[in-house]
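Read off the chains here:
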Amino acid sequence: MRILLYGGSFDPPHYGHMNNLRAAAARVCPDRVVVMPAGVSPFKQGTSAPGPLRVEMCGCFAELAREMGFGLEVSGWEVEQAEQGRKNYSVLTLEKLARENPGDELYLAIGSDMLLSFDGWHRWEDILRLAHLVVTSRTIGDDPALHAKARQLDASGARILFAPVEALPMASSVLRTRLAAGEECENELPASVRRVIRREGLYTKGDEVTNESETGKRACAQPAE
């Protein structure tokens, strides 16, 4: 069985996230996708929306699962770890999946910018041992640098796959600003996500993310400074 891990802060999840997951899933053809919202230390304010609500909003990926025919699990494991004061690293999540799914092939979806800094991740060699990387390449012209980095990280060429994706011009930080200004962002946010935002009054004026660079794609990857 092939299992694809797709993590991020998802604060909030948007169609850009779905677009990248679609590309990664098309490259891998997974039997199951595990969407894993990143945990943030309870001693830091790192996301605007609390972890359990980010987990709930990630239910929007069910639409893509139905479209592409893979099984979907939205896991709150990293959020729970953070609530208990434990550090979150991608390698620990992969080790958990490997223990629970012995013999299955694991894949980790990451963005192209993350590959370029991958050898700065916590225990990155173990990540490559545990899983194949599926790199969604979003920036026009970045392929030469990406392929050079892939050769540096994995001389065999077997552990790093590329999934080209047409970039969608959206970012969670920009959407939070627009939501705080009263916009609905219906072209960027699935209806189920917008319902949670309205119900909980998320992303109103005054919400601030003080350490976003340490959440999502980096919080689970790199040791704390």
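Up top you'll find the structure we're talking about.
Only a predicted model underlies this, so the values are computations on that prediction, with no experimental measurement involved.

Novice: So what's going on with the overall build of the chain? Residues and values would help.
Specialist: What the chain contains, in helices and strands, is 10 helices and 6 strands. The buried share of the chain, taken over its 225 residues, is 51%. Within the chain, contacts between residues separated by at least 24 positions form 80% of all contacts whose residues are at least 6 apart in sequence.

Novice: Run through the sheet that holds strand E3 (residues 71-74), naming residues and quoting values.
Specialist: Strand order in this open sheet of 6 strands is E3-E2-E1-E4-E5-E6, and the pairing throughout is parallel. Each of the sheet's edge strands pairs with one partner strand only, and the pair in question is E3 and strand E6 (160-164). Pairwise comparison of adjacent strand axes, ignoring direction, gives a mean angle of 25 degrees for this sheet. Across 6 bridges, the pairing between strand E1 (residues 2-8) and strand E2 (residues 32-37) is parallel. Residue pairing for E2: Gly-7 is matched across the bridge by Met-36. Strand contacts of helix H5 (residues 90-100): E1, E2 and strand E4 (105-111), with the helix running at about 155 degrees to E4, the strand carrying the most contacts. Docked against the sheet, helix H8 (residues 143-153) engages strand E5 (132-137) and E6, running at close to 165 degrees with respect to E6.

Novice: Would you mind going over the pairing of E2 in detail, with residue names and values included?
Specialist: In terms of residue burial, E2 counts as a mostly covered element, since 6 of its 6 residues are buried. Burial of E2 is two-sided: the residues Arg-32, Val-34 and Met-36 facing one way and the residues Val-33, Val-35 and Pro-37 facing the other way are all buried. Read from E1 through helix H1 (residues 15-28) to E2, the crossover connection turns out right-handed. In the sheet, E2 pairs with E3 via 4 bridges, with the strands oriented parallel. Each bridged residue has a counterpart across the sheet, and for Val-35 the counterpart in E3 is Val-74.

Novice: Break down the nonpolar core for me, with residues and values.
Specialist: Ranked by internal contacts, the top residues of the largest apolar core, which has 35 residues, are Leu-4, Leu-21, Met-57, Phe-61, Ile-197 and Leu-202. Among the elements that take part in this core, H1 stands out by supplying 6 residues, more than any other. Apart from residues no more than four positions distant in its own chain, Met-57 is found in contact with Phe-10, Pro-12, Pro-13, Ala-49, Val-193, Val-196, Ile-197, Leu-202 and Tyr-203. Among the nonpolar cores identified, the runner-up in size contains 28 residues, and Leu-97, Trp-124, Ala-131 and Val-135 belong to it.

Novice: Talk me through the environment of Glu-200; I want residue IDs and the actual numbers.
Specialist: Mapped onto the fold, Glu-200 is located in helix H10 (residues 191-200). Sequence separation between Glu-200 and Leu-53 is 147 residues, and the spatial gap between their C-alpha atoms is 8.7 Å. Here the side chain of Glu-200 touches Arg-199 through a polar contact of 2.8 Å, side chain to side chain.

Novice: An account of helix H9 (residues 172-180) is needed here, citing residue identities and associated values.
Specialist: Considered for burial, the residues of H9 that qualify are Ser-172, Leu-175, Arg-176 and Leu-179. All buried residues of H9 fall inside an arc of 105 degrees around its axis, so they share one side. Against the buried residues of H9 lie H1 and H10. Backbone geometry just after H9 places Gly-182 at a positive phi near 100 degrees.

Novice: So what's going on with the pattern of salt bridges? Which residues, and what values?
Specialist: Evaluation of the coordinates by the stated rule reveals 14 salt bridges. Between Arg-199 and Glu-56 there is a salt bridge, with its nearest N and O atoms 2.9 Å apart. Taken together, the residues Arg-199 in helix H10 and Glu-56 in helix H2 (residues 51-57) connect sequence positions 143 residues apart. Residue classification places Glu-56 among the partly exposed residues on the basis of a relative accessible area of 38%. Between Glu-183 and Arg-178 there is a salt bridge; the shortest N-O distance is 2.9 Å. Beyond isolated ion pairs, a larger network of salt bridges with shared partners links Glu-95, Arg-123, Asp-126 and Arg-129.

Novice: Quick rundown of the packing of aromatic side chains? Include the residues and the values.
Specialist: Taken as a whole and judged by the stated rule, the model has 5 aromatic pairs. Ring centres 5.6 Å apart and planes at 55 degrees place the aromatic pair Tyr-6 and Phe-10 in the tilted group. Taking the relative accessible area as the measure of exposure, Phe-10 reaches 1% and is therefore buried. Summarising the aromatic geometry, the rings of Phe-10 and Phe-61 are spaced 5.6 Å apart at their centres and angled 70 degrees between planes, so their arrangement reads as edge-to-face. Of this pair, Phe-10 sits in the loop between E1 and H1 while Phe-61 sits in the loop between H2 and helix H3 (62-68), and the two are 51 residues apart along the sequence.

Criteria and cut-off values
- All residue numbers here refer to positions counted from 1 along the written sequence of the relevant chain.
- This being a predicted model, a pLDDT of at least 70 is required before a residue's local features are given, and a value of 80 or more before pairs of side-chain atoms are given or counted; all residues contribute to the totals for chains, interfaces and linings.
- Calculated side-chain values reflect all of the structure's heavy atoms, with hydrogen atoms and water omitted.
- Secondary structure is summarised from DSSP: a helix means a run of H or I of at least four residues, a strand means a run of E of at least two, and numbering begins at the N terminus for each.
- Each residue's exposure class comes from its accessible area (1.4 Å probe, protein chains only) as a fraction of the maximum for that residue type: buried when under 20%, exposed when over 50%, partly exposed otherwise.
- Contact definition: two residues touch when any of their heavy atoms are within 4.5 Å.
- Criterion used throughout: strands pair if DSSP finds at least two bridges between them.
- Lines fitted to the C-alpha atoms define the axes, with helices restricted to the stretch that makes contact. Angles between their N-to-C directions range from 0 to 180 degrees.
- Assignment of crossover handedness uses the view with strands pointing away from the viewer, where a clockwise path from the first strand over the helix to the second indicates a right-handed crossover.
- Nonpolar cores are built from buried Ala, Val, Leu, Ile, Met, Phe, Trp, Tyr and Cys residues. Side-chain atoms within 4.5 Å join them into one set.
- Any N or O atom pair separated by 3.5 Å or less is treated as a polar contact, with the protein-specific requirement of one donor-capable and one acceptor-capable atom, and with residues adjacent in sequence counted only for side-chain atom pairs.
- This arc corresponds to the set of directions leading from the helix axis out to the C-beta atoms.
- One speaks of a salt bridge when a side-chain nitrogen belonging to Lys or Arg is within 4 Å of a carboxyl oxygen belonging to Asp or Glu.
- Stacked, tilted and edge-to-face pairs are distinguished by plane angle, under 30 degrees for stacked and over 60 for edge-to-face with tilted covering the rest, among Phe, Tyr and Trp rings (Trp via its six-membered ring) whose centres lie within 6.5 Å.

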